[in-house]
Structures are given as C-alpha cells and as structure tokens.
Amino acid sequence: MARILILDPIAQEGLDMLAAAPGIEYEVRTGLKGEELKKSLAEFDGAICRSGVTITAESLEGNRRMRAIARAGVGTDNIDKNAATRLGIVVMNTPTGNTLSTAEHTFTLMLALSRRVAEAYHKLIGGKWDRKTFMGTQLADKTLGIVGLGRIGQEVAKRAIAFQMKVLGFDPFLSTEQAAKLGIERVETVQEMLPRVDYLTVHTPLTPETTNLVGFPELEVLKPGVRLINCARGGIYNEDALVEGLKTGKIGGVALDVFVTEPCDKHPIYGMPNVLCTPHLGASTEEAQQQVAIEAVQLLINFFTTGEVRHAVNMASVDPKTLASIKGYLDLAYRLGVLLAQCQPGGTSACHLTYRGELTQKNTKMLTAAFCAGLLDRALEEDVNIVNAEILLKERGIQLTQESRSDMGAFSSSMTAEVHGSSGSQVAAATLFGNNMPRLIRLGDYRLEAYLDGNLLIFTHHDVPGIIGAVGTIFGNHKVNIGQMSVGRAGIIPGGGAVGVLNLDNVPPQAAIDEVQQHPDIQSVKIIELPPAGQLPPWLQG
Ligand SMILES: NC(=O)c1ccc[n+]([C@@H]2O[C@H](COP(=O)([O-])OP(=O)(O)OC[C@H]3O[C@@H](n4cnc5c(N)ncnc54)[C@H](O)[C@@H]3O)[C@@H](O)[C@H]2O)c1
Ligand SMILES: O=C(O)[C@H](O)COP(=O)(O)O
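Residues numbered from 1 in each chain as written. Chains lettered and ligands numbered in written order. Predicted model: local features only at pLDDT ≥ 70, side-chain atom pairs only at ≥ 80, totals over all residues.

As recorded in an unreviewed UniProt entry, the chain goes by the name D-3-phosphoglycerate dehydrogenase, listed as coming from Pirellula staleyi. We quote the UniProt Function (unreviewed entry) comment for the chain here in full: "Catalyzes the reversible oxidation of 3-phospho-D-glycerate to 3-phosphonooxypyruvate, the first step of the phosphorylated L-serine biosynthesis pathway. Also catalyzes the reversible oxidation of 2-hydroxyglutarate to 2-oxoglutarate." (UniProt positions renumbered as here; feature names shortened; annotations may be inferred.)

Draft legend 1. Region of the structure containing the overall build of the chain. A count of helical and extended segments in the chain gives 17 helices and 22 strands. A compact globule built from 542 residues would reach a C-alpha radius of gyration of about 24 Å, whereas the chain, at 31 Å, exceeds it by more than 25%. Judged by the C-alpha coordinates and their principal axes, the chain covers about 110 × 45 × 35 Å. For the chain, with 542 residues in total, the buried portion stands at 42%. Taking the contacts inside the chain whose residues are at least 6 apart along the sequence as the reference set, 66% of them involve residues at least 24 apart. (Helix = DSSP H or I, 4+ residues; strand = E, 2+ residues; numbered from the N terminus. Rg over C-alpha atoms; globule rule 2.2 N^0.38 Å. Buried ≥ 20, exposed ≤ 12 C-beta atoms within 10 Å, placed from the backbone. Contact = placed C-beta atoms within 7 Å.)

Draft legend 2. The arrangement of the UniProt feature "domain: ACT" (unreviewed entry) in the chain in detail. Here, the residues flagged by UniProt with the feature "domain: ACT" (unreviewed entry) are residues 456–530. The span residues 456–530 carries 27% helix and 41% strand; its end-to-end C-alpha distance comes to 8 Å.

Draft legend 3. Local environment of the pairing of strand S9 (residues 199–202). Burial along S9 is two-sided: Tyr199 and Thr201 and Leu200 and Val202, pointing in opposite directions, are all buried. Relative to S9, strand S6 (residues 143–147) is paired through four bridges, and the arrangement is parallel. The residue of S9 that forms the bridge with Ile146 is Thr201. Considered for its hand, the β-α-β crossover made up of S9, helix H10 (residues 216–221) and strand S10 (residues 226–230) is right-handed. (Pairing = 2+ DSSP bridges. Right-handed = clockwise from strand over helix to strand, strands pointing away.)

Draft legend 4. Focus on the site of ligand 1. In the vicinity of ligand 1 there are 31 residues, among which Gly75, Gly148, Gly150, Ile152 and Gly282 approach most closely. Of all the elements in the fold, those that place two or more residues in the shell around ligand 1 are helix H5 (99–115) and helix H7 (151–162). In this structure, the shell around ligand 1 is formed jointly by two domains, domain 1 (2–96 + 286–306) and domain 2 (99–277), each of which donates at least three residues. (Near = placed C-beta within 6 Å. Domains from an automatic or database assignment.)

Draft legend 5. Expanded view of the site of ligand 2. Taken together, Arg50, Ser51, Gly52, Gly73, Val74, Gly75, Asn98, His280, Gly282, Ala283 and Ser284 make up the full set of residues adjacent to ligand 2. Broken down by class, the residue content of the shell around ligand 2 amounts to two nonpolar, eight polar and one charged. (Nonpolar A, V, L, I, M, F, W, Y, C, P; charged D, E, K, R; others polar.)

Draft legend 6. Focus on the environment of Leu5. Within the element layout of this structure, Leu5 appears in strand S1 (residues 2–6). On the neighbour-count criterion, Leu5 (24 C-beta atoms within 10 Å) is buried. For the pair Leu5 and Ile48, spaced 43 residues apart in the sequence, the C-alpha separation amounts to 6.3 Å. Sequence-distant contacts of Leu5, that is, excluding residues within four places in its chain, are made with Glu27, Arg29, Ser40, Leu41, Phe44 and Ala47.

Draft legend 7. Up close: the domain arrangement of the chain. Considered domain by domain, the chain is made up of domain 1 (2–96 + 286–306), domain 2 (99–277) and domain 3 (320–526). Placing the centre of domain 1 and that of domain 2 at their C-alpha centroids yields a distance of 32 Å. Contact with domain 1, which involves six residues of that partner, is made by six residues of domain 2. The residue makeup of the side of domain 1 that touches domain 2, split by class, is two nonpolar, two polar and two charged.

Draft legend 8. Focus on the sheet that holds strand S4 (residues 68–71). Spatial strand order, S2-S1-S3-S4-S5: five strands in an open sheet with parallel pairing. For this open sheet the edge positions go to strand S2 (24–28) and strand S5 (90–93), each flanked by a neighbour on one side alone. The average undirected angle you get between the axes of adjacent strands in this sheet is 20 degrees. Taken together, the four bridges between strand S3 (residues 46–49) and S4 define a ladder with parallel strand orientation. Paired with Ala47 across the two strands is Ile69, which belongs to S4. (Axes fitted to C-alpha atoms, helices over the stretch in contact; angles between N-to-C directions.)

Draft legend 9. Up close: unusual backbone geometry. In this structure, the amide linkage connecting Glu262 to the following residue, Pro263, adopts the cis form with an omega of -5 degrees. Looking at the secondary structure, you find Pro263 in the loop between strand S11 (251–256) and strand S12 (275–277). Positive phi, normally seen in glycine, also occurs at His311, with a value near 50 degrees. Along the chain, the position of His311 falls in the loop between helix H12 (286–306) and helix H13 (320–343). A count of 18 C-beta atoms within 10 Å places His311 in the partly exposed class.

Draft legend 10. The sheet that holds strand S13 (residues 350–357), seen in detail. The mixed open sheet is built from six strands, whose spatial order is S14-S13-S15-S16-S17-S18. Of all strands in the sheet, those with a lone pairing partner are strand S14 (399–405) and strand S18 (446–451), marking the two edges. Between one strand axis and the next, the sheet turns by 20 degrees as a mean value, whatever way the strands run. Pairing of strand S16 (residues 424–433) with strand S17 (residues 437–443), which is carried by six bridges, proceeds in the antiparallel orientation. Pairing of Leu432 across the sheet is with Pro438, part of S17. Each of S13, S14 and strand S15 (413–421) is contacted by helix H14 (residues 364–377), which is oriented at about 135 degrees to S13, the strand it contacts most.

Given below as structure tokens:
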C-alpha cells in the first residue's frame, strides 16, 4: 500500500481519484513546516504539493521512505531538488495544466492596470464617483516585451497579438524563426528590449540569470511610463527598484501576482497609485486546479503502480512501454554493478561503460544510472536508486564515462563495464538470454556464459583436467549444493588460464572456501552475492 501525503489544498477531483485507486491511500496534512513537516514526510511514500509548502533539505534529511513528490503546478522552486535527488526521490510536475489560466491572469492584470480598475472601484466603494483621475491607455498599438517564451509566454503573446499589440520577445531557447512564426520579433538581449516596450511581462523560472532582471540599473534604460507585470516568480523584478521607479514616475504601473517572500501580507508597494497586486492567483481557476490535481495524482498512481516516471524535473522521464522494454536491462546493469563492486574491494575511482548492438537504441543513460546504483548499493548507508546514483558517484569523485557501439560482437546486445581503482582494474560484460535472464559473458579476459544471480563462487585456475571434480567434491563434503556451473578460457587454446563460476544454493562455509583455495591449480577464489534470480532491485519493483 503506497501512502500519499497531500501537503497543500488540491481539487476534490484529484482526491476522489486517489480514494478510488487500488493499493493507494492518502492523508491531507496542510500548513506543515519544521519538525512537523519532516516527521510527516517520513511517514509517506509519495507527496503532492502546490507552492504553499516549502520542502527543504532539512525536512527531507534522513528520509528513507519518500520516493516521489508531485507538484500540482509548474514551479518546483519550493522543493529542494538537490536534496530530493540525493535521497533518490523523483520530483515531477504538471507543466501544462495551469498555462492558460496564468496567461489569462497576466492579461487580466495588464488590462486592469491600464484602466486602473481596482483603484477606481476602491474609490467608488469609498463613496466617490471620480471620472477624472483614472484616465487609462489602450493596449492596441502598444509594444509588449515578453521575457521567457515558454508555455505561458507564448500564450500571452497570442493574446497580445489578438489585441493588436506589437510583441517583442527574448528567450535563449527559442529561435528567431520560431518566434517569427508566432508573430513575435525576437531580440538578442533583455537590455535591447527595455527602451522599446510599453508593457513588460516575465514568464521565466527564477534563476540566477533572471533574478533582478529589472533592477535599479534597468530603471535608467526603461521607456518612461512603462507598465511591468510579473505572474512568474517574485524576485525577477527587484521590488525596491519597482517602488523607486513608481515614486519617480519612471514606471507607469506595476502589477504583481508573485513576491520575493510569500505569503506577503504587507509590502511597501501595496496601496501605491498605479499598482495592482494579487496573492499568487495565476493558477487559481477551477479549470486549472482540477487539471493540475488530476495530473499530479495520475503521476503518482502511475509511478507507484507501473514505475512510470513522467514530467520528472530531476531525472529523465520514462513511459511504461519504454520501462517494460528496458526493465530486464536495468536489472542486468544493476547486477553488473553489484558484481563489480565486489570484484574491486580496494574501491573504484573510475568506471567506463560500453553498450553494444541493439542496446544502444535503449535509454542508456538510465542503464548507466542502474549500473551506478548497483556499484554503490552495498557500500552506502543511504538507499541508492537510479535517481541519486550518478550524483552519489560524482560526489565521491568517481569518474564515469560511457560509449555506444553499433557493432554487435557475439551477442545482439551487450553491456561491458570496466572499473578502475587502487587495487587494479576489472572488466565484466553481460547480456540477457531469452526472457530477461541475465548472463555474465565476460569476466576479465575470460569468455563464459554464467548465471548472474544468487551466490557465485568465482575461481581462476589452470586449465587442466580434474579441477571441476575436485571443487565439486569439496562442496559435496561441506553439503553445499551447486545449482549451475560455467567455465571459460582466456583464449581458444586449452592449457592456459581459465575461470569457473558456480551458482551455489547457499553461501559456503569458510572452511570449504579455504580448501578450494589450497588446490595447487587454483589461483584465486571469490564469493559474490547477487540478488536471487527474478528479484528486481527495490526501485524497479511495482
Ligand atoms: N503565478 C502563477 O500562479 C504561476 C502559474 C504557473 C506558472 N508560473 C510560473 O511561470 C513561469 C513560466 O512557466 P511556464 O509554464 O511558461 O514555463 P516554461 O518552462 O514553459 O517556460 C519558461 C521559459 O523561460 C525561458 N527562460 C529560462 N531562462 C531564461 C532567461 N534567462 N531569459 C529568458 N528566458 C528564459 C525558457 O527557455 C522557457 O522557454 C514559471 O516560473 C512558473 O513557475 C506562475
Ligand atoms: O508554478 C506554478 O504552477 C504556480 O506558481 C502556481 O502555484 P500554485 O499551485 O500554488 O497556485
């Protein structure tokens, strides 16, 4: 049973879906922070939030249960994604559900600001029929600047064009040609846009590049009387500069839906003339809330029932079909990592992965993450999975490289992993046989076809008669049953070096291992523990 925690109010339709989902139960606990939030997060497998709660690194510290957080909305800046990633928690969002509502709210603010609707109404309800003070401007023939031409920015542009405005836009990830197709004149920098626009609206995330996009220096460049709108994130406009610009008259109006600090009950800008503010209402429509709640709930239901990862903001997304097609290989990659971690007891400083044949057409980034998860799984106290494995590897200074080769070799698909460390290097390759049966096909210089599950005894020896019989006798005497066996030679000529891999039904006693080791033709003996056949790593189950 997956337990889902609802941290902010979401639409009833989403809660109804959760209530009807088999294998899922939920609880609503809103307004949490500090210790209370931390304690709650540790009791649930998944969580849904909006922008109200702040999921800090401290609130996730030591959390070994939470596996996925879905944001019913776009911005995930209230979630410490580095902390979540490190703990292996997938963070997903619902990028489209509130696009139209937010674009409409931007337009609402632009229109209302131009006609001073809120101020006029305030005066009216104060008993004053004033037809002189509130002379407005029309949008038609004015120039609108849009910074950030993603989903919302483009919808705002469409509406502005319908209102006969000229639209200038800046977005580093939208080409001039694409902008032109949308009827937008793309400029090269925000600075270039500032002296030309009568209205400016921003639709970017808050990043180091977008913080203080309009601050005191920009006040100098802005066209006098410009109106500024922010329905994205507080801090993109410097709030002190806005107040200053309004006081000097350089800025003709400001409309804000978002603030540096939220909730924001008091602000020097509140009540100033030509100002209109709303308390982060961009996405607050019945339609948007219903859609984001349903989408967020569906993300978690899919995640916990099929393993699907969609709209992830801290890892690559994977749909159920792709996941089903790759599941066996993810398990294989993980097993290869678990194997090599045990072959390299002195530790690992670098890994190189090679994908060959048809495997190169799969999501090799995920396979690499699965290998890393296997490599670190037994070494770390914390849970390792494909979300956090690469980060944890990098944090330890372990170099990771990968290549894809289209040539097949002896198998239609294979994966080779080399690990290097202070105690030397080791290489192993594996493939899937039949219906997702993982097989070791190379260990060091030896070619073989060994099972990649359960308790393995790997021993290198001289390729001479009687070795297998001798080892079999030792284990027989110690009542250890051999389930499977594979031998491989370094080359094709008999009499050189060879390797034997036995699958044992249980871990042999040390006395048995010592006896094998003492055989004059056996050079090395190693016990490797792998997950039993068919047992997927925990993050692949479900
Ligand atoms: N007020 C609200 O209630 C509300 C509702 C929804 C979204 N939002 C916020 O609106 C913002 C935009 O949302 P969206 O759905 O359009 O996102 P999006 O990802 O579709 O678009 C963001 C765009 O910003 C561009 N961008 C990034 N850095 C930039 C930079 N330095 N300069 C110029 N452009 C840059 C990106 O290339 C992208 O095209 C987000 O911050 C989101 O959180 C607010
Ligand atoms: O990023 C978003 O989706 C908006 O800021 C909406 O936030 P909300 O879900 O808290 O209304």
